[in-house]
Amino acid sequence: MILKPGERAPGIPADTASVPFAARVRGFLVTPARRGATAQVRTQADRVASGRLRAVLPRNPADFGEPSLELLVVGKAMKRRLYPPSRPDPHPTLPQRGREFGQVEGER
Amino acid sequence: MSSQKYAEVMARRGAIMQRALGLDYDQFELEGGVAFDYEGLVGSPAYDLDAVRRIQADFKVGNTPLWELPRLSQLVRQTAPHGQGARILIKDEAGNAAGSFKARRASLAVAHAADLGYEGVVAATSGNYGAAVASQAAMRGIKAIILQEVFDSPWRGQPEILEKTRVCEAYGAEVWQVTVGPELFYWHLITLEETGFFNASLYTPYGILGIETLGYEIAEQCRDQFGRDPAAILITHSGGGNVTGTARGLRRAGADPQIIGVSVDLTGLHMASDRDFNRKSFTTGHTGFGFPFTVNPDRVDVPRNAARGLRYLDRYVTITQGEVFFATQLLAELEGLERGPAGNTSLAAALSIARELPEDALLVVQETEYTGAGKHPTAQLTMARELGIEVRIGDPRENKQGKRIVIADDIDQVQAVDIDLKGLRRSYLGRIADKRPNRSLSQEETQFLADETGVSRDEFAALWDEVARRPIVKAQA
Ligand SMILES: Cc1ncc(COP(=O)(O)O)c(C=O)c1O
């Protein structure tokens, strides 16, 4: 933790003022340590930072999330607008909401 | 070691910044505390445009392609009045090192830091700029420390900013991920004080000069590739550097298109609120920065902001989150370009504004940025759903910030909304008037404020008259 609730900047919204200001940084462990213990890391800029070791080899959390049916549907609709089908479309209606998008394992 | 108490660190801010910028801002201040020598400040870097272009070419920045988007133009024409539906062009800034136009700014800031002999640079930014600084510092062999606002108090990371952490670390930077709050600036000061590194702020003259090449290239490319000047340029607008630098570059090339700023409408969500933080599906190019920076540009980490949007904006529009996601999808599916969030803000507005212009007019979307995990609409929409925000297809007018994201269901549903620039000018001047109970301005201040608000002396006189008649409000800190 960097600043406790009472030490924070004046004039910030109440929800923010009531929680600490905290920070995380990654680096090479200066000496081996266990998760949860106090440890030091040497950062990429060759500085030493200390604090509670919260993760070892922390996984990258950002991903692409779930597919968005809404975006897939409007993409398809705009393609139909631009390239009107030359034959009657066997599936003229597209789902509008919900979870009607999936994946199957093919079989013959 | 000096005290690290919040108030005491903030009190040292002037001295810390002076050392971390290598520039004395006092030399530009004019009598009275209102006006300063803006052209003197932006003109202070000792590089002409050719020198800037050379630095950028040496460090993998600039000369990005200007593509035409004929299928999007054709789609717009299907619902536009006869003879209307401009040719939409896009400047593919994702091709810069680190994947966005921010490399233009970083290339000069880091060049300057290296020239001055700093051992490293620090930037407090959750955006593409951090990646750009890290990438430029990597090429210069100097250290980079990037400070990012990433988490709310339950440690939920904003997906796009988590990706920014990854990319900055990929370029070898030390990255501090902090929780929501303006104390990011406090941590920035401590970091500068402890390291003695250069503050690679977005808002120095270097951060602006680097963007001028972007405006200049657009003018050149429109002339070379299409034989004419652009009618209008759409610029994703947040802190104002993008508008300022691009407009200045266009002027340098002798081009005078309409300068249109575009921000995602996030009105109603508080920028410093722990709760609202992850209820925003955009981390930049939105009204949460665009409005306050336009009205009060000096609320930044340097004494005077070189980015001053109101000087250059001819028009300012907003667009909803769902309309930007719609534009992002069409750019991929119809034009074969998968690009990132902020760049597509101005693209979404283009789908609306192209309808107003004749078919042969050139409408330039001034940038793209890279996309990837966390930056992608699917990552943002997944997060939004997890927080109980409704996502559906329909009329974007039904969008409700922080509650409902509506993906446009047809091309003519995309409609940019005009912001009253006069209202923003009045707010800007209201702040000044509050500091001047007797409402008197010197000649120098009058000229400065007319330039600041982007109006003629006559228009300014009328505006000031209106503002001066308001009751006197207690001066704000
Ligand atoms: C890709 C992209 N476009 C536009 C902007 C907005 O630029 P500015 O803050 O200079 O207005 C940003 C940064 O905030 C950005 O990263």
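For the structure, check the block above.
The shown structure was predicted, so the numbers you read here are calculated from the model rather than taken from an experiment. Counting restarts for each chain, with residues numbered from 1 along the sequence as it is written. Both sets of labels track the order of writing: A upward for chains, 1 upward for ligands. With the structure being a predicted model, the display of local features is reserved for residues of pLDDT at least 70 and the display and counting of side-chain atom pairs for 80 or more, all residues being used for whole-chain, interface and lining totals. The side-chain values count all of the structure's non-hydrogen atoms but skip hydrogen atoms and water molecules.

Draft legend 1. Local environment of the overall build of chain B. Secondary structure elements are taken from DSSP: a helix is a run of H or I of four residues or more, a strand is a run of E of two residues or more, and numbering for both begins at the N terminus. For chain B, the count of helices and strands is 18 helices and 13 strands. For 477 residues, the compact-globule estimate of 2.2 N^0.38 gives 23 Å, and chain B sits close to it at 22 Å. Overall size of chain B, expressed as C-alpha extent along the three principal axes, is 65 × 55 × 45 Å. Accessible area is worked out with a 1.4 Å probe on protein chains only. A residue is then buried under 20% of its type maximum, exposed over 50%, and partly exposed in between. Across the 477 residues of chain B, 66% fall into the buried class. Should any heavy atoms of two residues lie within 4.5 Å, those residues are counted as being in contact. Relative to all contacts within chain B whose residues are 6 or more apart in sequence, the contacts with residues 24 or more apart total 77%. Values of accessible area rely on a 1.4 Å probe in the Shrake-Rupley scheme; residue burial ignores everything except the protein chains shown. Split by element, the accessible area of chain B, about 16,200 Å² in all, is 47% carbon and sulfur. His is not counted, nor are the chain ends; Lys and Arg add positive charge and Asp and Glu add negative charge. By convention, the charge on Lys lies at NZ, on Arg at CZ, on Asp at CG and on Glu at CD. For chain B, the distance from the average site of its 52 positive side-chain charges to the average site of its 63 negative ones is 3 Å. The atom set for the radius of gyration is the C-alpha atoms, and the globule formula is 2.2 Å times the number of residues raised to the power 0.38.

Draft legend 2. Quick peek at the pattern of salt bridges. For this analysis, a salt bridge means a side-chain nitrogen from Lys or Arg found within 4 Å of a carboxyl oxygen belonging to Asp or Glu. A complete count under the given rule lists 45 salt bridges over all chains for this structure. Through salt bridges with shared partners, a single ionic network connects E29(B), D298(B), R304(B), R308(B), R311(B) and E452(B).

Draft legend 3. Here's a closer look at the nonpolar core. The biggest cluster of nonpolar side chains holds 107 residues, and the ones touching the most others in it are V121(B), Y129(B), V133(B), W187(B), L429(B) and L449(B). Domain extents, as shown, originate in an automatic or database domain assignment. Looking at which domains feed residues into this core, each of domain 1 (51-99 + 206-418) and domain 2 (421-469) of chain B gives three or more. Leaving out residues up to four positions away in the same chain, W187(B) has contacts with I2(A), F21(A), L147(B), W176(B) and V178(B). Nonpolar cores were defined as sets of buried Ala, Val, Leu, Ile, Met, Phe, Trp, Tyr and Cys residues, with membership established by side-chain atoms within 4.5 Å. Counting residues in each nonpolar core, the second largest holds 53 residues, with L337(B), A349(B), A350(B) and I407(B) among its members.

Draft legend 4. Layout of the layout of surface pockets. Residue and element names in this part refer to chain A. Approximately 1,000 Å³ is the volume found for the second largest pocket. Space inside and on the surface of the protein is sampled on a 1 Å grid over the protein atoms alone, with a cavity defined as a set of points where a 1.4 Å probe fits but cannot get out and a pocket as an open set with protein on both sides within 12 Å along at least 5 of 7 lines; lining residues have an atom within 4 Å of a point. The wall of the second largest pocket is formed by 37 residues, among which A23, R24, V25, R52 and R54 lie closest to the centre. Top element by residues in the lining of the second largest pocket is strand 4 (residues 48-52). It accounts for 5 residues. Any residue that is not Ala, Val, Leu, Ile, Met, Phe, Trp, Tyr, Cys, Pro, Asp, Glu, Lys or Arg is counted as polar, Gly included; the first ten are nonpolar and the last four charged. Split into classes, the residues belonging to the lining of the second largest pocket amount to 22 nonpolar, 8 polar and 7 charged. Grid points are joined across faces, edges and corners, and a volume is the space filled by probe spheres set on the points.

Draft legend 5. Spatial organisation of the packing of helix 6 (residues 102-115) of chain B against helix 7 (residues 128-140) of chain B. Residues and elements named next belong to chain B. Axis definition: a line fit to C-alpha positions, over the contact stretch in the case of helices; interaxial angles, taken between N-to-C directions, run 0 to 180 degrees. Remark: helix 6 packs on helix 7, axes separated minimally by 8 Å, with the N-to-C direction vectors making an angle of 45 degrees. On the basis of the axis angle, helix 6 is oblique to helix 7. Relative to helix 7, the crossing made by helix 6 is right-handed. Packed against helix 6, whose contacting residues are K102, A103, R105, A106, S107, A109, V110, A111 and A114, the element helix 7 presents N128, Y129, A132, V133, Q136, A137 and R140 at the interface. Here the word oblique covers every angle except those under 35 degrees (roughly parallel), over 145 (roughly antiparallel) and from 65 to 115 (roughly perpendicular). Take the far helix as your reference; a near helix turned counterclockwise from it by less than a right angle gives a left-handed crossing, and one turned clockwise gives a right-handed crossing.

Draft legend 6. Here's a closer look at the sheet that holds strand 4 of chain A. Residues and elements named next belong to chain A. As summarised here, the arrangement of the 3 strands in space is 2-3-4, forming an open sheet in which the pairing is antiparallel. The sheet terminates laterally at strand 2 (28-29) and strand 4, the two strands that pair on one side only. Alignment of strand 2 against strand 3 (residues 38-42), held across 2 bridges, turns out to be antiparallel. Residue L29 lies in a different strand from strand 3, and its bridge partner there is V41. Two strands are counted as paired when DSSP detects at least two bridges linking them.

Draft legend 7. How the structure looks around the site of the ligand. All names here are of chain B. What makes a residue near a molecule or strand is one non-hydrogen atom of that residue sitting within 4 Å of it. Near the ligand you find 15 residues, and of these K102, S238, G239, T284 and E367 are the closest. Side-chain polar atom of N128 to an oxygen atom of the ligand: 2.8 Å apart, as the coordinates give it. Identification of polar contacts relies on pairs of N or O atoms within 3.5 Å, with a donor-acceptor requirement for protein atoms, meaning one able to donate a hydrogen and the other able to accept it, and with residues adjacent in sequence counted only if both atoms are side-chain atoms. Measuring from a nitrogen atom of the ligand, one finds a side-chain N or O atom of E367 at 2.6 Å. Contact with the protein chains hides 96% of the accessible area of the ligand, taken as 390 Å² for the molecule alone. Elements with a contribution of two residues or more to the shell around the ligand: helix 6 and helix 11 (241-252). Tallied by class, residues from the shell around the ligand come to 2 nonpolar, 9 polar and 4 charged.

Draft legend 8. Inspection of the sheet that holds strand 1 (residues 23-25) of chain A at higher detail. Ordered in space as 1(A)-5(B)-4(B)-3(B)-6(B), the 5 strands form an open sheet in which the pairing is mixed. Each having just a single partner strand, strand 1 of chain A together with strand 6 (198-199) of chain B make up the two edges of the open sheet. Both strand 3 (residues 120-124) of chain B and strand 6 of chain B contribute to a ladder of 2 bridges, which runs parallel. Paired with V121(B) across the strands is F198(B), a residue of strand 6 of chain B. Where helix 9 (residues 184-195) of chain B meets the sheet, it contacts strand 3, strand 4 (143-151), strand 5 (174-179) and strand 6 of chain B, and its direction lies at approximately 160 degrees from that of strand 4 of chain B.

Draft legend 9. Structural context of the side chain of R436(B). Residue and element names in this part refer to chain B. By secondary structure assignment, the location of R436 is in the loop between helix 16 (421-435) and helix 17 (443-452). Note on R436: relative accessible area 14%, which makes it buried. At a separation of 2.8 Å, a polar atom in the side chain of R436 contacts the side chain of E445. Once residues lying within four places of it in the same chain are set aside, the contact partners of R436 are G32, V34, L441 and E445.

Draft legend 10. Structural view of the packing of helix 2 (residues 13-21) of chain B against helix 9 of chain B. Residue and element names in this part refer to chain B. The contact between helix 2 and helix 9 brings their axes to 10 Å, and the two run at 55 degrees. Viewed along their axes, helix 2 and helix 9 adopt a mutual orientation that is oblique. Considering only the axes of helix 2 and helix 9, their crossing is left-handed. Only F185, H188, L189, L192 and E193 of helix 9 make contact with helix 2, whose side of the interface consists of R13, I16, M17, R19 and A20. Looking at the contact of helix 2 with helix 9 residue by residue, the classes come out as 6 nonpolar, 1 polar and 3 charged.

Draft legend 11. Quick peek at the packing of aromatic side chains. Residues and elements named next belong to chain B. Pairing of aromatic rings covers Phe, Tyr and Trp, the last counted by its six-membered ring, and requires centre-to-centre distances within 6.5 Å; plane angles under 30 degrees mean stacked, over 60 mean edge-to-face, and any other angle means tilted. Evaluated as defined, the whole model comprises 12 aromatic pairs over all chains. When the centroid spacing of 5.4 Å and the interplanar angle of 70 degrees are considered together, the rings of W176 and W187 count as edge-to-face. Highlighted residues: W176 in strand 5 and W187 in helix 9, separated in sequence by 11 residues. Each member of the pair W176 and W187 is classed as buried. Their ring planes at 25 degrees and their centres at 5.2 Å tell us that F282 and F325 sit as a pair that is stacked. With a gap of 43 residues between them, F282 in the loop between strand 8 (258-264) and helix 12 (287-295) and F325 in helix 13 (residues 321-335) connect regions that are remote in the sequence. Residue F325 is classed as buried on the basis of its relative accessible area of 3%.

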